[in-house]
Structure formats: structure tokens, C-alpha cells
Amino acid sequence: MRLTELGTLAEHNPRARRLLARLREAPWCHSAAPARVGEVLLVSVQDGAPPRDELWVLRPAGDGTPLSDTSSRELTALRDVAARDVPLLLCPRELWRRREWSATLLYSPPEAGGRTDHLDGRSYGLAMVLAHASLLVGVAAPPDVIGCAAVDPDGTLGRVDGLARKLQVVADIAVEVHRVFVASEQAAEARHHLSRIAGGDGVEVVPCGTAREALAIAFPAGVLDVGADTAGDLFRLALDGAPKLLGWQAVVRAAEAVLRGADVEQRRQASIALAIAARHTGASSLLELPVDIAPLPRPLRLRLAAHALQSASDGYLEHLPDRMELARGLLASPGERHEEDLALLGALGRAHASLGQWDDARDALTDALDGWHQLHREEGSSYALSEYLRVLGIQRDSASLRAVAPRYVDRLLLDPRARDDSVAFVRYNQARAWLLCGEPARALGLLTDRLVTSVLVDGMRMREPLLWTARALAALGETEGAEGVHALLEELRPGCEEDARVRTMARLARALRRGEDHRPHLVALVDEARDRESWAQFRRIAGLVPPADASATVAQRLLDEARD
């Protein structure tokens, strides 16, 4: 039933008048009341006699019907998907906020009786992502949109049950909704159901393969405005990190938007945030330090120096000596060091490694690791530990690699404060080191660790662990398994970041294993690295090439030619 029909009925029907009043109070059902930031529609269906098919608005407030524990956990997890896939991250402070969520009932069938105690179900996934995205861009979701799709951790949209009943509620009750976002695989089914529903011809089915596609349609970058606090929030986010930010492209785009129209101080903050965020995406970007950092509080000076070191280590090696000297001058004596000193010491170790100064790198990194232990802050050691493991792998030092587990890795794993992503990165770097040291079975066990697969591969859409998995399988003689992983990588959807590069890397690895001509794949990788100025990414790619293989020399020569 459309709103006009309900209005006619309400003239003589008290129940219809109450429903009309309730609907008109809801921002989704009357154009005179715009939607509020963070609010989105969702439809729930429950079997029973009679069935209960209801329309709700999900709100960032705790005064309505609660979500089940399972749905609450999914809502929290899907904030990471929204932060990664939103077009512009204009309100990053939302990443630090703790919000209570609940749903307000807009419509329930009168014959159902009783009330819904809580909402539960994966079909709310896209609605949850839209709600988070609204808060992260500071713009209300379009009132004519409703999401009916599940969302996987990697952002892929999936099927929902009860779609026909959900669409019936949309056509009958959600009178201002004209677009229904569904998973691509369910688009034909949705159109079929709407063709059989009275009033369904006024609802458009919008098929989307990923959350990113849906968010780009719901929140096009052209309608998003940079707020007064955006530059400062991006600066803080880049320096401090986020509780769990799985992707940085939205930060890059937001910083670029700030730079297009801001005052001098905002541009300074945005340019620093842009350089740091770009490095997190794999694109090299030299962070230029402010002319005078002395007025900044010492912890901020140390963080800036660490980021400046890391950005130079990513491919601007000519800048490293000066920045390393600055870092050494900022470091406190061993007994006076705190967390920022140790983070800077870890960056200094990586800088030494970038210059091939392996002994100095190991000394700096072990000093950092011992410092984290002395402060009883093992959860902060993951960066230095990952770099230390990388160095041990490059040096093929299996004896030290065996010793590092009880001394450092186990301490991190036993620390309840350690974040899942930190542990996953350590496990991944540990696996690469074991593989380079000639122990593929150990490596494969780590590469198939739950955190590596769920956090890095699924959550962060990192595909490189799969390349190393294929390499470990091939080393163990499991050729069919390696072929299967490479086939999977070559079938990745283009919408995922880095997929084109990873596909080429899979082809390179496959050609090397088969003894085929692999030079075209190396050329393609170097061209991509040159286009993105992503020299650090290329060094990681080169790590996939066996050191004894002549292609390693070819790869380095091509890289030198590209840079010249």
C-alpha cells in the first residue's frame, strides 16, 4: 500500500491513522523529514503463524529494540568493511567512538501480535555497512535506498533468504524507497519477485557485487563535503593509527579532497596524512617533514620521524642517511625510552635493512624488541618483530629464526592486548622467513593459520599470502594444490585492490615453476610499479623469485631501467 492510499483509508480508519502518523514520523516514509546520519532502513522476516514481516530503521542509539549478540558482533565487524570501502573517510573520529545500536520499529503486521524481542540475521549486513558509512562520511544515507544483502568480511555481497517477502514489505510500506540494493547473484530473482508484486514496478533493483560498489552508488564522492575538522582528524589517524583500519584508500582520497581547498595548516596536516596513508596502500610517497618540528610535543616528533623514515625506506633511499641521523638524535638513552622511542627504533632498523646494513638492522630491531619487553608492552612489538623476521628470512638464518619464537613471538601471542591484525602480520612474516629458509611445511602451517586467512586474506584483501601459500605447496611437491591457488588468484574480481598486480604475480610464479618464458610478467610488474611509484611493492615481488634464478637479475635490471 502506498502512502496516498493509506492517507485515504486513514480518513475513516483509526488503525490506518495511527500507522500513517507513525510512518510520517519516520524519515524514510515522508520526503519532508530528511533522514539522519547513521540511520538506514532494514526489513526483517520471521516465520510463524502468522508470519512477522517488519520494517525497521537501524539507528546509532540504544533506546530501541536490541540486536542479538551475533548481529551485534557482525555490526561491529562490518564497520571495518565500511571504513575500507567508503569513497571518502571524512569523519575518521568515528573509528574511535563506541556507539550503541538498536532498531526502531516502523511497521509490523497487526495480525502478528506480540512484539519482536531482538533482531538477528546476516541479511542485515548491507544495511549495517550503509549505516556505518553514513557516519564515516557525515552524510545521511539516501532515503530512497534499502539494502537486502549479506556481507562477507572481504566486502563481497551474498544472498539473503526471504527476499520475496522483504520486497513485498518494501513495495507496500517503505513508500519512499525506490532502489533496493541486492547481491548481483540475486538480481534476477529480485526483479522476478517485484514483477509479481502490486506497486513493484516503482522499485528498481540495483545489483552490486561488493560493498564498495554499493557505497559508491549510495555516497558518490561528488556529493561529499570536507568538514572543518577533517584535516586534523586525518592527521591524527595517520599518526596514531586506528583501532582497526583495514584499508587506507579512503584516507588517501579524503586527504586529496582536503588539499583541493583548505588553509595552509589544513594542507600541511592533509599532506602528511596523505603520504602516510599512501604508503599503507603500497604506493611510495615521500613524507616531507615540516621545516621545524621542535615546537611539537616530543611523542609527535618521534612519530613523525618514524613515518618519515619508513616513507624513505620505501624507495627514496637517497633521503635515508639524513633521516636516520635525525632519528638517532631524537632517541632517548636506553633506560629512558618509551613507546614512541621504540617505534622509531623499529623504523630505524628497517631503514638499515633497506640499505643492506644487516648487522645494524638486527641490532636496532632487537633493541626495540627488548625495549618493548622491558616496558611490559609486548603488544607494541609487532612492527619491529615483523621486520626482524623479514631480515632473518632474507639472510636465510634458520638458527636465529628458531630462537626468535620463544624469545619474542610467543611473548606477543600470550599478550591479551595484542590485536588480531598485529598477530596475523607476525605470523605471515614468520611464514615467509621459514619458506626462504627452506622449511615449506612450517611455512604452510603458518600461512593457513586462522588469523592470516581471516584477517589478512579475507579482511584486508591481501592476496600475497596466497602467493606464498602456492610457493610452499610447490616446494612440498603438491603441484596440483599450487596450481589451484594460482587459478584462484587469476579469477579475482577486478573490483578488489591490487588484484591486477597479484594476478600478474601468480602468472610469474606459475611460469617460473613450469620453466616457461616469464619475462613478460616481470616487465608488466615493473611497469605497474613505475606507474604507482611503488618500489617497495616491487622489492616484495622480487622476493617471490628464487634467488638462484636468472630472472632475479633480469628483474633488478628492469627496475633500474624504469627508475632511470
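Above: the structure in question.
This structure is a prediction, so every number in the text was calculated from the model and none was measured. (Residues numbered from 1 in each chain as written. Predicted model: local features only at pLDDT ≥ 70, side-chain atom pairs only at ≥ 80, totals over all residues. Heavy atoms only, no water.)

Student: Just to check I follow, could you spell out the overall build of the chain for this structure?
Tutor: For the chain, the helix and strand inventory stands at 25 helices and eight strands. Counting across all 564 residues of the chain, residues that qualify as buried make up 55%. A fraction of 71% describes how many contacts in the chain between residues 6 or more apart in sequence connect residues 24 or more apart. Split by element, the accessible area of the chain, about 24000 Å² in all, is 50% carbon and sulfur. (Helix = DSSP H or I, 4+ residues; strand = E, 2+ residues; numbered from the N terminus. Buried < 20%, exposed > 50% of the residue type's maximum accessible area, 1.4 Å probe, protein only. Contact = heavy atoms within 4.5 Å. Areas by Shrake-Rupley, 256 points an atom, 1.4 Å probe, with all protein chains shown as cover.)

Student: Just checking my understanding: could you explain helix H6 (residues 187-195) for this structure?
Tutor: Every α-helical turn comprises 3.6 residues, leaving residues that sit three or four positions apart pointing alike. Taken together, the buried positions of H6 are Ala187, Ala190, His193 and Leu194. Down the axis of H6, the buried side of the element spans an arc of 125 degrees, and every buried residue falls inside it. In H6, the exposed positions angled more than 90 degrees off the buried face are occupied by Ala188 and Ser195. Those residues of H6 that are buried are in contact with helix H5 (163-172), strand E7 (179-183) and strand E8 (204-208). (Arc of directions from axis to C-beta.)

Student: Would you mind going over the sheet that holds strand E3 (residues 102-107) with me for this structure?
Tutor: Ordered in space as E1-E2-E3, the three strands form an open sheet in which the pairing is antiparallel. The outermost strands of the open sheet, each flanked by one partner alone, are strand E1 (40-46) and E3. Averaged over all neighbouring strand pairs, the angle between strand axes comes to 40 degrees, with direction disregarded. Where E1 and strand E2 (residues 52-59) come together, seven bridges link them in antiparallel fashion. Counted as the bridge partner of Leu42 is Trp56 from E2. (Pairing = 2+ DSSP bridges. Axes fitted to C-alpha atoms, helices over the stretch in contact; angles between N-to-C directions.)

Student: Is there a simple way to think about the sheet that holds E8 in this case?
Tutor: Across a sheet, paired strands are connected by hydrogen bonds in the backbone, their directions being either parallel or antiparallel. Judged by pairing direction, the sheet is parallel, and its three strands sit side by side in the order E4-E7-E8 without closing on themselves. Sheet topology places strand E4 (145-148) and E8 at the edges, where each strand pairs with a single neighbour. Put simply, the sheet's adjacent strands are angled 25 degrees from each other on average, direction ignored. Pairing of E7 with E8 involves five bridges; the strand directions are parallel. What sits directly across from Ala183, in E8, is Cys208. On the sheet, H6 packs against E7 and E8 and is oriented at approximately 170 degrees with respect to E8.

Student: Can you help me understand the pairing of E7 in this one?
Tutor: Among the five residues in E7, five count as buried, and that is most of the element. Note that E4 and E7 share four bridges and pair parallel. Looking at E7, one finds that Gly147 is bridged to Phe181. In this region the chain leaves E7, passes through H6 and returns to the parallel neighbour E8; the handedness of that crossover is right-handed. (Right-handed = clockwise from strand over helix to strand, strands pointing away.)

Student: Any chance you could explain the packing of helix H11 (residues 298-313) against helix H12 (residues 320-330) here in plain terms?
Tutor: The geometry of a pair of packed helices is captured by two quantities: the angle between their axes and the separation between those axes. At a minimum axis separation of 10 Å, H11 and H12 run at an interaxial angle of 155 degrees. Classified by the angle between their axes, H11 and H12 sit roughly antiparallel to one another. Viewed along their axes, H11 and H12 form a crossing whose handedness is left-handed. Contacts between H11 and H12 involve Arg298, Arg301, Leu302, Ala305, Ala308, Leu309, Ser311, Ala312 and Ser313 from the former and Leu320, Arg323, Met324, Ala327 and Leu330 from the latter. For the contact of H11 with H12, a count of residues per class yields nine nonpolar, two polar and three charged. (Parallel < 35°, antiparallel > 145°, perpendicular 65-115°, else oblique. Left-handed = near helix turned anticlockwise from the far one by under 90°. Nonpolar A, V, L, I, M, F, W, Y, C, P; charged D, E, K, R; others polar.)

Student: What am I meant to see in the layout of surface pockets here?
Tutor: Over the atoms, a rolled probe matching the size of one water molecule traces out where space is still vacant. Taken as a whole, the second largest pocket holds about 570 Å³ of empty space. Looking at the lining of the second largest pocket, the elements with two or more residues in it are helix H3 (69-85), helix H4 (125-137) and helix H17 (420-436). Sort the elements by how many residues they give to the lining of the second largest pocket and H3 lands first, with five residues. Considered class by class, the residues forming the lining of the second largest pocket number 10 nonpolar, three polar and 10 charged. (1 Å grid on protein atoms, 1.4 Å probe; cavity = no way out; pocket = protein on both sides within 12 Å on 5 of 7 lines; lining within 4 Å. Points joined across faces, edges and corners; volume = space filled by probe spheres on them.)

Student: Quick question: what am I supposed to make of the packing of H4 against helix H7 (residues 211-218) here?
Tutor: Running from N to C, H4 and H7 point in directions that differ by 50 degrees, and their axes come no closer than 11 Å. Between H4 and H7, the interaxial angle falls into the category oblique. Between H4 and H7 lies a crossing of right-handed hand. Residues Leu126, Val129, Leu130 and Ala133 of H4 touch H7, and the partners they reach there are Ala211, Ala214, Leu215 and Ala218. Taken together, the residues of the contact of H4 with H7 break down into eight nonpolar, no polar and no charged.

Student: What is the right way to look at the pattern of salt bridges in this model?
Tutor: Pairs can form between side chains of opposite charge whenever their charged atoms are close. Scanning the entire structure with this criterion turns up 31 salt bridges. Each of Glu339, Arg377, Glu379, Asp415 and Arg417 takes part in one network of salt bridges that share partners. (Salt bridge = Lys/Arg side-chain N within 4 Å of Asp/Glu carboxyl O.)

Student: Where do I start with the side chain of Gln310 in this structure?
Tutor: Mapped onto the elements of the fold, Gln310 is located in helix H11. Residue Gln310 is classed as buried on the basis of its relative accessible area of 10%. With residues up to four places along the chain from it excluded, the contact list for Gln310 reads Arg279, Ala347, Arg350 and Tyr383.

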